Amino acid sequence: MRTINVTVWNEYLHEVQEPEIGEVYPAGIHGALAEGLGANDDLAVRTATLAEPAHGLTDEVIAATDVMIWWGHMGHHLVDNGVVAKVHEAVLSGMGLIVLHSGHYSKIFRRLMGTNCSLLWREANEKERLWVLEPSHPIMEGLPPYFELEAEEMYGERFDVPTPDELLMVSWFQGGEVFRSCATWRRGHGRVVYFRPGHEEYPTYRDEHVLRVITNACRWAARTVNIATNHAPNVEALEWVPGASARAAAAAQAGADSVGS
Ligand code: ZN
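Keep in mind that what you see is a predicted model, and the values were worked out from it rather than measured. Each chain carries its own residue numbering, running from 1 in the written order of its sequence. Where totals are concerned, whole chains, interfaces and linings use all residues; where local detail is concerned, this predicted model gives features only for residues with pLDDT of at least 70, and gives and counts side-chain atom pairs only at 80 or more.

1. Considerations on the overall build of the chain
Stated precisely, the cut-off is as follows: Secondary structure counts use DSSP, requiring at least four H or I residues in a row for a helix and at least two E residues in a row for a strand, with both numbered from the N terminus. With C-beta atoms placed from the backbone, a residue counts as buried when 20 or more other C-beta atoms lie within 10 Å of its own, as exposed when 12 or fewer do, and as partly exposed for counts between those limits. Whether two residues are in contact is decided by their C-beta atoms, placed from the backbone, lying within 7 Å.
A count of helical and extended segments in the chain gives eight helices and nine strands. Dimensions of the chain, computed from C-alpha atoms along their principal axes, come out at roughly 70 × 40 × 40 Å. Burial analysis of the chain (261 residues in total) assigns 39% to the buried set. A fraction of 69% describes how many contacts in the chain between residues 6 or more apart in sequence connect residues 24 or more apart.

See the structure below:
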């Protein structure tokens, strides 16, 4: 059995600054996720938070991560751009990334999507009903046709993201809106998953179905390759090319990186 190294990143601000949120998640959202995911023998889970040096995402931690989970909300602007660039590069080389709930507005998700990732929202203790669209997809394994969360924040369309490679779930809310609540994209060699539930006021990350989706997503998105894509080498032809210009031949001989044309 392969061990998948999971890093759960959480800004960890609401739980510290607001006592009522701290009561919902005494060990932080990252702690609740680590506990829920840690029940699986194949997942080796570590956590990282905003306040740690490099937000807990040192080069060593990123290199040792097969799939990263991202929860952020009020502190998106506090995340260092250099750290975001490293996480971005890790995804392009093959690391998986699972972005949760208000992480839709995180620097890393917007950079990977290339769009604003905006949406509609409302906090009204609404019921959310999540429908499975692709029951044969590995991320949907073990789920019923739908499940409900008795109270959640509403997210509504239009969700400003590129058309997903795969749309796995759609949410319905009591107030009438719908939302694409579980979707996947490939970026470079990495797999990106967005999963909607998880407003900090509700114990959503202790729900068995929510944990099932995130667990499955860890397995599906986990790194399978590590291929650097941040260089564009000039290469010599495999055999003599009669029409090659002297300039092109010289450039190939010099082995220049990303130079030419
Ligand atoms: Zn929220």
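Following the structure, the description resumes.
2. Quick notes on the sheet that holds strand S2 (residues 43-49)
This is how it is decided: Any two strands with at least two DSSP bridges between them are considered paired. All axes here are fitted lines through C-alpha atoms, helices being fitted over the stretch that makes contact, and every angle between N-to-C directions spans 0 to 180 degrees.
With mixed pairing, the nine strands of this open sheet are ordered in space as S2-S1-S3-S4-S9-S8-S7-S5-S6. Of all the strands in the sheet, just S2 and strand S6 (146-156) have a single pairing partner and so form its edges. If you compare each strand with its neighbour and ignore which way they point, the axes differ by 25° on average. The pairing of strand S7 (residues 166-173) with strand S8 (residues 178-187) spans six bridges and is antiparallel. When the bridges of S8 are listed, Leu 167 appears paired with Ala 183. Strands strand S1 (4-10), S2, strand S3 (67-71), strand S4 (96-100), S6, S8 and strand S9 (190-195) of the sheet are contacted by helix H7 (residues 208-221), whose axis makes an angle of about 170° with S9.

3. Considerations on unusual backbone geometry
A cis amide bond, omega 20°, links Glu 157 with the succeeding residue Arg 158. Phi is positive for Ala 54, close to 55°, though the residue is something other than glycine. Classification of Ala 54 by C-beta neighbours within 10 Å gives partly exposed; the count is 15. The backbone of His 101 sits at a positive phi, close to 45°, despite the residue not being glycine. Its location among the elements puts His 101 in the loop between S4 and helix H6 (107-113). Residue His 101 is classed as buried on the basis of its C-beta count, with 24 C-beta atoms lying within 10 Å.

4. Let's talk about the environment of Arg 180
Position of Arg 180 among the secondary structure elements: in strand S8. Classification of Arg 180 as buried rests on a count of 21 C-beta atoms within 10 Å. Along the sequence, Arg 180 and Tyr 155 sit 25 residues apart, while their C-alpha atoms lie 9.1 Å from each other. Filtering out sequence-adjacent residues up to four positions away, Arg 180 remains in contact with Phe 159, Pro 164, Leu 167 and Val 170.

5. Looking at the pairing of S2
Burial runs high along S2: five of the seven residues are buried. Bridging between S1 and S2 involves seven bridges; their strand directions are parallel. Within S2, the residue paired with Trp 9 across the bridge is Ala 48.

6. Quick notes on the pairing of S4
Counting buried residues along S4, five of its five residues qualify, which places the element largely inside the surrounding structure. What you see with S4 is no split at all: Gly 96, Ile 98 and Leu 100 on one side and Leu 97 and Val 99 on the other are buried throughout. Sheet topology places S3 next to S4; four bridges connect them, and they run parallel. When the sheet's bridge partners are listed, Ile 69 is paired in S4 with Ile 98. As paired elements, S4 and S9 share four bridges and run parallel to each other. When the sheet's bridge partners are listed, Val 99 is paired in S9 with Tyr 194.

7. Comments concerning the nonpolar core
This is how it is decided: Nonpolar cores are identified as sets of buried Ala, Val, Leu, Ile, Met, Phe, Trp, Tyr and Cys residues joined via C-beta atoms within 7 Å.
Grouped together as the largest cluster of nonpolar side chains are 54 residues, with contacts concentrated most on Ile 69, Trp 70, Ile 98 and Cys 218. In terms of residue count, H7 provides more of this core than any other element does, six residues in total.

8. Some remarks on the packing of helix H3 (residues 28-38) against H7
Definition in use: Each angle is binned into one of four classes, with values under 35 degrees roughly parallel, values over 145 roughly antiparallel, values of 65 to 115 roughly perpendicular, and all other values oblique. Gly counts as polar in this scheme, as do all residues outside two lists: the nonpolar Ala, Val, Leu, Ile, Met, Phe, Trp, Tyr, Cys and Pro, and the charged Asp, Glu, Lys and Arg.
Two numbers describe how H3 lies on H7: the axes approach to 10 Å, and their chain directions differ by 75°. As far as their axial angle goes, H7 and H3 are roughly perpendicular. Together, Leu 33, Gly 36 and Leu 37 of H3 and Leu 211, Ile 214, Thr 215 and Cys 218 of H7 make up the contact between the two elements. Taken together, the residues of the contact of H3 with H7 sort by class into five nonpolar, two polar and no charged.

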